[in-house]
Amino acid sequence: MTVAGARERRVRAGDVELCVAELGDPAHPTVVLVHGYPDSKEVWSEVAARLSGRFHVVLYDVRGHGGSTAPSPLRGGFTLERLTDDFLAVADAVSPGRPVHLVGHDWGSVQGWEFATVVRTRGRIASFTSMSGPSLDHFGHWINSRVRRPTPRRAAQLLGQSAKSWYVYALHTPVLPELAWRGPLGRRWPHILRRREKVGGDGYPTASLPSDAALGAWLYRDNVRARLGSPRPDAFAHVPVQLITPLDDAFLSEHLYDGLEQWAARLTRRTLDAKHWIPRTRPDQVAYWITEFVESVEGDRVLPVRSGPHAQRFGGQLVLVTGAGSGIGRATALAFAKAGARVVAVDRDAETAAETAVLAREAGAAEAWAETADVSDERAMEQLAAKVDAEYGTPDVLVNNAGIGLSGSFLTTSTEDWRRVVDVNLFGVIHGCRLFGARMAERGQGGHIVNIASAAAFQPSRALSAYATSKAAVLMLSECLRAELAGRGIGVTAVCPGIVNTGITGTARFTGVDAVEERRLRMSAARWYGVRNYPAEKVASAVLDAVVRDRAVVPVTPEARGARLMSRWMPGASRRLARVEPRL
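Note that this is a predicted model, so its numbers are computed, not measured.

Criteria and thresholds
Residues numbered from 1 in each chain as written. Predicted model: local features only at pLDDT ≥ 70, side-chain atom pairs only at ≥ 80, totals over all residues. Heavy atoms only, no water. Helix = DSSP H or I, 4+ residues; strand = E, 2+ residues; numbered from the N terminus. Expected span 1.5 Å × (residues − 1). Buried < 20%, exposed > 50% of the residue type's maximum accessible area, 1.4 Å probe, protein only. Pairing = 2+ DSSP bridges. Axes fitted to C-alpha atoms, helices over the stretch in contact; angles between N-to-C directions. Contact = heavy atoms within 4.5 Å. Parallel < 35°, antiparallel > 145°, perpendicular 65-115°, else oblique. Left-handed = near helix turned anticlockwise from the far one by under 90°. Nonpolar A, V, L, I, M, F, W, Y, C, P; charged D, E, K, R; others polar. Bend = angle between axes of the 7 residues up to and from the residue. Right-handed = clockwise from strand over helix to strand, strands pointing away. Patch = residues over 30% accessible without salt bridge, like charges linked within 9 Å, V, L, I, M, F, W, Y side chains within 5 Å. Areas by Shrake-Rupley, 256 points an atom, 1.4 Å probe, with all protein chains shown as cover. Salt bridge = Lys/Arg side-chain N within 4 Å of Asp/Glu carboxyl O. Polar contact = N/O pair within 3.5 Å; in protein donor to acceptor, adjacent residues only side chain to side chain. Phe/Tyr/Trp six-rings, centres within 6.5 Å; stacked < 30°, edge-to-face > 60°.

Asks: Provide a residue-level description of helix H2 (residues 80-94), including the pertinent values.
Replies: For H2, which comprises 15 residues, the first-to-last C-alpha distance of 21 Å matches the rise-based estimate of 21 Å (1.5 Å per residue) to within 8%. All of the buried residues in H2 are Leu 80, Leu 83, Thr 84, Asp 86, Phe 87, Leu 88, Ala 89, Val 90, Ala 91 and Val 94.

Asks: Mind laying out the sheet that holds strand S6 (residues 125-131), listing which residues take part and the relevant values?
Replies: Reading across the sheet, the eight strands line up as S1-S2-S4-S3-S5-S6-S7-S8 and stay open at both edges, with mixed pairing between neighbours. The open sheet terminates on both sides in strands that have one partner only, identified here as strand S1 (7-13) and strand S8 (267-272). Between one strand axis and the next, the sheet turns by 20° as a mean value, whatever way the strands run. Here H2 sits on the sheet and contacts S1, strand S2 (16-23), strand S3 (30-34), strand S4 (56-60), strand S5 (100-105) and S6; the angle it forms with S1, its principal contact strand, is near 130°.

Asks: I'd like a description of the packing of helix H15 (residues 415-443) against helix H16 (residues 465-485), backed by residues and values.
Replies: Two numbers describe how H15 lies on H16: the axes approach to 9 Å, and their chain directions differ by 15°. Considered as vectors, H15 and H16 are oriented roughly parallel to each other. In this structure, H15 meets H16 at a crossing whose hand is right-handed. Mapping the contact onto sequence places Trp 418, Val 421, Asn 425, Leu 426, Val 429, Ile 430 and Cys 433 in H15 and Ser 465, Ala 466, Tyr 467, Thr 469, Ser 470, Lys 471, Ala 473, Val 474, Leu 477 and Leu 481 in H16. A per-class count over the contact of H15 with H16 returns 12 nonpolar, four polar and one charged.

Asks: I'd like a description of H15, backed by residues and values.
Replies: The first and last C-alpha atoms of H15 sit 40 Å apart over 29 residues, in line with the 42 Å expected at 1.5 Å per residue. The largest bend along H15 measures about 40° and falls at Phe 427. Positive backbone phi, at 75°, marks Gly 444, one or two positions downstream of H15.

Asks: Help me get a handle on the sheet that holds strand S12 (residues 397-400), residues and values and all.
Replies: Spatially, the seven strands line up as an open sheet ordered S11-S10-S9-S12-S14-S15-S17, and their pairing is parallel. The sheet is open, and its two edges are formed by strand S11 (367-372) and strand S17 (553-556), each paired on a single side. Ignoring which end each strand starts from, the neighbouring axes of this sheet average 15° apart. Pairing of strand S9 (residues 318-322) with strand S10 (residues 342-347), which is carried by five bridges, proceeds in the parallel orientation. Bridge pairing in S10 links Leu 318 to Arg 342. The sheet contacts of helix H12 (residues 327-338) involve S9, S10, S12 and strand S15 (490-497), and relative to S9 the element is tilted by about 170°. Contacting S12, strand S14 (447-452), S15 and S17, helix H19 (residues 536-549) runs over the sheet at an angle of about 145° to S14.

Asks: Before we move on, could you go through the pairing of S4 and cite the residues and values that matter?
Replies: Counting buried positions over the five residues of S4 gives five, a clear majority of the element. Of the two faces of S4, both are covered, the one formed by His 56, Val 58 and Tyr 60 as well as the one formed by Val 57 and Leu 59. Note: S2 against S4, four bridges, orientation antiparallel. Within S4, the position partnered with Leu 23 by the bridge is Val 57.

Asks: Could you give me a rundown of the pairing of S6, with the residues and numbers involved?
Replies: Within S6, seven of the seven residues are buried, which leaves it mostly tucked inside the rest of the structure. Judged from the six bridges that link them, S5 and S6 form a sheet pairing that is parallel. In the sheet register, Val 100 faces S6, and the bridge partner there is Ile 125. Following the backbone out of S5, through helix H3 (residues 107-117) and into the adjacent parallel S6, one traces a crossover that is right-handed.

Asks: Could you give an account of a nonpolar patch on the surface, naming the residues involved and the relevant values?
Replies: There is a patch of nonpolar side chains on the surface, built from Val 175, Leu 176 and Leu 179 and spanning about 310 Å² of accessible area. Relative to the helices and strands, Leu 176 resides in helix H7 (residues 176-182). A relative accessible area of 57% means that Leu 176 is categorised as exposed.

Asks: For the pattern of salt bridges, give the residues involved together with the corresponding values.
Replies: Where charged atoms of side chains with opposite charge meet at close range, the side chains can pair. Counted according to the given criterion, the structure contains 33 salt bridges. Note that Arg 330 is salt-bridged to Glu 355, the shortest N-O span being 3.2 Å. Here Glu 355 lies in helix H13 (residues 350-363) and Arg 330 lies in helix H12, a separation of 25 residues in the sequence. The class of Glu 355 is partly exposed, set by a relative accessible area of 37%. With a closest N to O distance of 3.1 Å, Glu 371 and Lys 387 form a salt bridge. A residue pair is termed long-range when its members are at least 10 positions apart, and Glu 371 in strand S11 and Lys 387 in helix H14 (residues 378-391) qualify at 16 residues. On the basis of relative accessible area, Glu 371 is assigned to the buried category, the value being 7%. What you see here is one network of salt bridges that share partners, running through Glu 46, Arg 50, Asp 284, Asp 396 and Arg 443.

Asks: Run through the side chain of Arg 227, naming residues and quoting values.
Replies: You can see Arg 227 is positioned in helix H9 (residues 209-229). Contact partners of Arg 227, with chain neighbours within four places excluded, come to Leu 80, Glu 81, Glu 114, Leu 136, Asp 137 and Arg 232.

Asks: I'd love a proper account of the environment of Gln 242, names of residues and values included.
Replies: With respect to the helices and strands, Gln 242 occurs in strand S7 (residues 241-246). Between the alpha carbons of Gln 242 and Leu 158 there is a distance of 24 Å; along the sequence they are 84 residues apart. Once you skip the residues sitting within four places of it in the chain, Gln 242 turns out to touch Phe 128, Thr 129, Ser 130, Thr 268, Arg 270, Trp 289, Ile 290 and Phe 293. A distance of 2.9 Å separates a polar atom in the side chain of Gln 242 from a polar atom in the side chain of Arg 270.

Asks: Please provide a residue-by-residue account of the packing of aromatic side chains, values included.
Replies: For the structure shown, the criterion picks out 16 aromatic pairs. Between Phe 87 and Phe 115 the ring centres are 4.6 Å apart and the planes differ by 10°, which places this aromatic pair in the stacked class. With Phe 87 in helix H2 and Phe 115 in helix H3, the pair connects residues that are 28 residues apart, well separated along the chain. The class for Phe 87 is buried, based on a relative accessible area of 0%. Taking the relative accessible area as the measure of exposure, Phe 115 reaches 0% and is therefore buried. Between Tyr 167 and Tyr 220 the ring centres are 6.1 Å apart and the planes differ by 90°, which places this aromatic pair in the edge-to-face class.

This is the structure we're talking about:
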């Protein structure tokens, strides 16, 4: 099998002939994708398709894999020196006279570190993006530093990585790896990838897997012990490097990259909440980061330095926030913007949505757009979802924040009041979850949905029957959806703020009173919220933290946490408190 739409050619590299595939316009900058073990070039098919509109994309099967021939004899035929010869042969064939942008995953990244640090490739590489594969030289120095200068923390890191590297020891044994891969392990591997990594099919892995994996064992045998035992002292990268680190990698600890700046002076770090095979499970994010990095190098631009606890986590992700024109929605949109996300600010007020988009770009958003929609209008939300999908892509994070306030007793709350509160506070969330959640699930790359509920979801109140009911429904909807979507890698969080100083008091309705009294109550509520002065930015910070930690329910503010505890451990006291008539 080959990559859909690719042009194939054969390139001679010393003792082997390499199968090379190309997509895109050769006049554009060339991006060379190098696969890992036990893969073939098809591991990159999803990423390559996304890059081909802007770049000349080149993929090749490493010697002994896929459509490339194997060296003879095998021993000594897979050294990093031979692999460097292969890379240079491909680069000269596909991009003569112009440096290429190198991208590697797993053993492709191990090779890439070699290519990016040896003298003979100078001038042939413009940049290097590394994923899930360390430099064996850096790895060797990392081990030596922990053996020679041990501390409890360093010893734990060394033992942890040793446990993750179990397969390396197994691949050094003679004959057995080949028998396993050509036998039961080769047959079971696609199932293992689906179950453990959520990697889909679509022609991957290819039929050549058993042979690729058996021959690829020599990558380890020819290089690992020799290089780890005698790492080069001058393995410095001579090109800008982008490091993408999956945080749930079963084979590599993120601590392996501690201190990497001493080896790569021009280093951009990214982290991704994913497992090892991110070219298959997160192609959108990987392609976006490659594009952003390559274009910055081509344009001789420095990527913006983003600070904060989540600066590496959300860079380039697409985040859609409803009710983003003010309050918690605007604060949340700006918090994601500061972390480098692409932001879609949705509000029924076009002017305030546009203001948020401008502020998001100023705060550091990779891109930001304003969209207008009433979340209670199902047709409008369907049109919004279709437009976002066509123009911006599938959101990685959805924040259903839009909501309205309503205060008053049940007996003075009209049916129309109930419909309006439920339409916005509950059905607005339902529309967002249904339309964007379905697209997340269909894409198969995970994601996260945040539904803004309220402390009123925990605490009954004689004055908030409609509002509290709508928010309690949002909380239960979030719990149900979290259970349903867990198997698809989509997290769902209900964030429950208490009294937060936002503009909701200016639009809240009060039932059972005339217009003059309603205006007085709004002014009194606004003063009370202002005295409390809990900022929306703290809620926004809790939203980002909830996504990173994949938390189910997040009460924000002391009163929200107290209400949740009381509802769980002192329900009788909670009910007695509900009888108290609030006075503004």
